[in-house]
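# Commentary on secondary and tertiary structure
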Amino acid sequence: MVAKVVTIVSGKGGVGKTTTAANIAVALASRGLKVTCVDGDIGLRNLDVVLGLENRIVYDLVDVTEGRCRLRQAMIRDKRLPELYLIPAAQTRDKTAVSPSDMVRLCDELRQEVDWIIIDSPAGIERGFKNAIAAADRVLVMTNPEVSAVRDADRVIGLLDAEEKGPAALIINRLDPAMVKRGDMLSVADVIDLLAIELIGIIPEDENVIVATNKGQPLALDGKSKAGLAFQNIARRLMGEQVPFMDLDSQNLFQRLLGRK
Amino acid sequence: MAFLFGRRKSANSAKERLQLVLIHDRTDLSPVELESLKDDLIQTISRHIDIDPMAVTIRVAQDGRSQRLVADIPLRSVGRRRGHETGRAAG
Ligand SMILES: Nc1ncnc2c1ncn2[C@@H]1O[C@H](COP(=O)(O)OP(=O)(O)OP(=O)(O)O)[C@@H](O)[C@H]1O
Ligand SMILES: [Mg+2]
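Report on the accompanying structure.

What counts as what
Residues numbered from 1 in each chain as written. Chains lettered and ligands numbered in written order. Predicted model: local features only at pLDDT ≥ 70, side-chain atom pairs only at ≥ 80, totals over all residues. Heavy atoms only, no water. Helix = DSSP H or I, 4+ residues; strand = E, 2+ residues; numbered from the N terminus. Buried < 20%, exposed > 50% of the residue type's maximum accessible area, 1.4 Å probe, protein only. Contact = heavy atoms within 4.5 Å. Areas by Shrake-Rupley, 256 points an atom, 1.4 Å probe, with all protein chains shown as cover. Buried area = accessible area lost by both parts, 1.4 Å probe. Salt bridge = Lys/Arg side-chain N within 4 Å of Asp/Glu carboxyl O. Polar contact = N/O pair within 3.5 Å; in protein donor to acceptor, adjacent residues only side chain to side chain. Nonpolar A, V, L, I, M, F, W, Y, C, P; charged D, E, K, R; others polar. Pairing = 2+ DSSP bridges. Axes fitted to C-alpha atoms, helices over the stretch in contact; angles between N-to-C directions. Near = heavy atom within 4 Å. Phe/Tyr/Trp six-rings, centres within 6.5 Å; stacked < 30°, edge-to-face > 60°. Lys NZ or Arg CZ within 6 Å of the ring centre and 35° of its normal.

## What about the overall build of chain B?
When helices and strands are tallied, chain B shows 3 helices and 3 strands. Secondary structure elements of chain B, listed N to C terminal, follow the sequence α-α-α-β-β-β. By residue count, 25% of the 91 residues in chain B fall in the buried class. Here the contacts in chain B between residues at least 6 apart in sequence split such that 30% fall between residues at least 24 apart. Counting only carbon and sulfur atoms, one obtains 55% of the accessible surface of chain B, whose full area is about 6,800 Å².

Rendered as structure tokens:
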């Protein structure tokens, strides 16, 4: 096995990186692939709670890089999917505890053991960002259809090009088709026009995301919700499948016919 | 009233504002710096050839993720030697 390393970045905070990392990992693992997620957000660990694995942490990323445990010991196994693992971020230590070369070394070791490595990065463009992209084969840039998130995504895309980590692919999260329709939200076409990179996913605004996070049960575990389906589609595109983008508009029309909106 | 004349859509404002902001972010060139570059360009070119300073335009054109500085510098007619002529410089 030689894993592919996929890192999710954004520039602006809170656009949905951790949610998406968890769900892409779950979606890949539910297709029978062996997946390890790495929480690169040192000091602000969150991938564990989104995945519902917070009670099982013994060792973390810094324990591995500083040699206090073996890699295997820090890989928490998900009970729902046999081949899904998490390496949690350290919670209290300083952010310089991990370096880009530590991440490259860690991923080189992991690569032999799994099919996919999904890395969640912190917001911003500092050390944590550099760590998270150091070993990446593919970088996914996440944005929301609003001004500051798109602007920050553009900065990050430029940095990725400069670091020769491009071309990145874009995920647009929290799209509200009704707002787009009435002209109060940037459309998918607008965002692609502005950022001029390849699109790999569109995730609608969906309250099921919050419900799922409350329970620690990522949506992609069952793809019945729109967002859950969107996460599964991203996973399939990563695997090389051609998956058409969901027609969010017509679903919205359907909702309105039902009088829900 | 507003709906009769069509309310200006906020998404359009967002897109237009972003277009300008991204050019600045990507090139490190502010609108003010672009104006001063234009003045320098006019001065330099005027030393060699007769141009109409008022007609000069300069802008950053987008091609995917790359930018090009495009200047349009109409030349003044040189009387009877040649007719009216327009020169374009892109770089
Ligand atoms: N498609 C969506 N619909 C509704 N809520 C969402 C959606 N995506 C994310 N959220 C919510 O937005 C919040 C931020 O998401 P998340 O923590 O994944 O962002 P992040 O980019 O990892 O943030 P940070 O930069 O702080 O690490 C969470 O409360 C999450 O549940
Ligand atoms: Mg996060």
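## So, unusual backbone geometry
Residue and element names in this part refer to chain A. Here the bond from Gly166 into Pro167 is cis, since omega is -5°, no more than 30 degrees from zero. Structurally, the position occupied by Pro167 is in the loop between α7 (147-162) and β7 (169-175). Its identity as a non-glycine residue notwithstanding, Glu164 has a phi of 55°, on the positive side. Looking at the element boundaries, Glu164 is found in the loop between α7 and β7. Here Glu164 falls in the exposed class, since its relative accessible area comes to 73%.

## Re the interface of chain B and chain A
Facing the 14 residues of chain B at the interface are 19 residues of chain A. Here chain B meets chain A over a buried area of about 1,500 Å², counting both sides, of which 55% is carbon and sulfur. The largest per-residue losses of area from chain B upon contact with chain A belong to Lys15, Leu18 and Arg65 of chain B, which jointly make up 41% of the total buried on that side. Remark: the boundary between chain B and chain A carries 6 salt bridges. For Lys15 of chain B, the salt bridge goes to Asp193 of chain A, with nearest N and O atoms at 2.8 Å. In this structure, the connection of chain B to chain A is made through 10 residue pairs in polar contact (both at pLDDT 80 or more). Across the side of chain B that touches chain A, the residue classes tally to 5 nonpolar, 3 polar and 6 charged.

## Comments concerning the sheet that holds strand β2 (residues 35-39) of chain A
Residue and element names in this part refer to chain A. Read across the sheet, 8 strands follow the order β3-β4-β2-β5-β1-β6-β7-β8 without closing on themselves; strand pairing throughout is mixed. Here the strands that pair on one side only, and so sit at the sheet edges, are β3 (76-77) and β8 (198-204). In terms of strand pairing, β3 meets strand β4 (residues 84-87) through 2 bridges, oriented antiparallel. Paired with Ile76 across the two strands is Leu86, which belongs to β4. Across the sheet, helix α6 (residues 127-134) touches β1 (4-9), β5 (116-120) and β6 (138-143), and the angle it forms with β1 is around 155°. Relative to the sheet, α7 contacts β1 and β6, its axis offset from that of β6 by approximately 165°.

## With respect to the site of ligand 1
Residue and element names in this part refer to chain A. Residues in contact with ligand 1 amount to 17 residues; listed here are only the nearest, Gly14, Lys17, Thr18, Thr19 and Asn173. Separating an oxygen atom of ligand 1 from a side-chain N or O atom of Arg174 is a distance of 3.1 Å. Between ligand 1 and Pro204, the relevant distance is 3.0 Å, taken from a nitrogen atom to a main-chain nitrogen or oxygen of the residue. Across the complex, the protein chains shield 79% of the 640 Å² of accessible surface that ligand 1 would expose by itself. Taken together, the elements giving at least two residues each to the shell around ligand 1 come down to α1 (17-29), β7, β8 and α10 (208-215).

## Describing the packing of aromatic side chains
Tallying each qualifying case throughout the model produces 0 aromatic pairs over all chains. Geometry around Tyr85 of chain A places Arg72 of chain A over its ring, the cationic atom sitting 5.7 Å from the centre.

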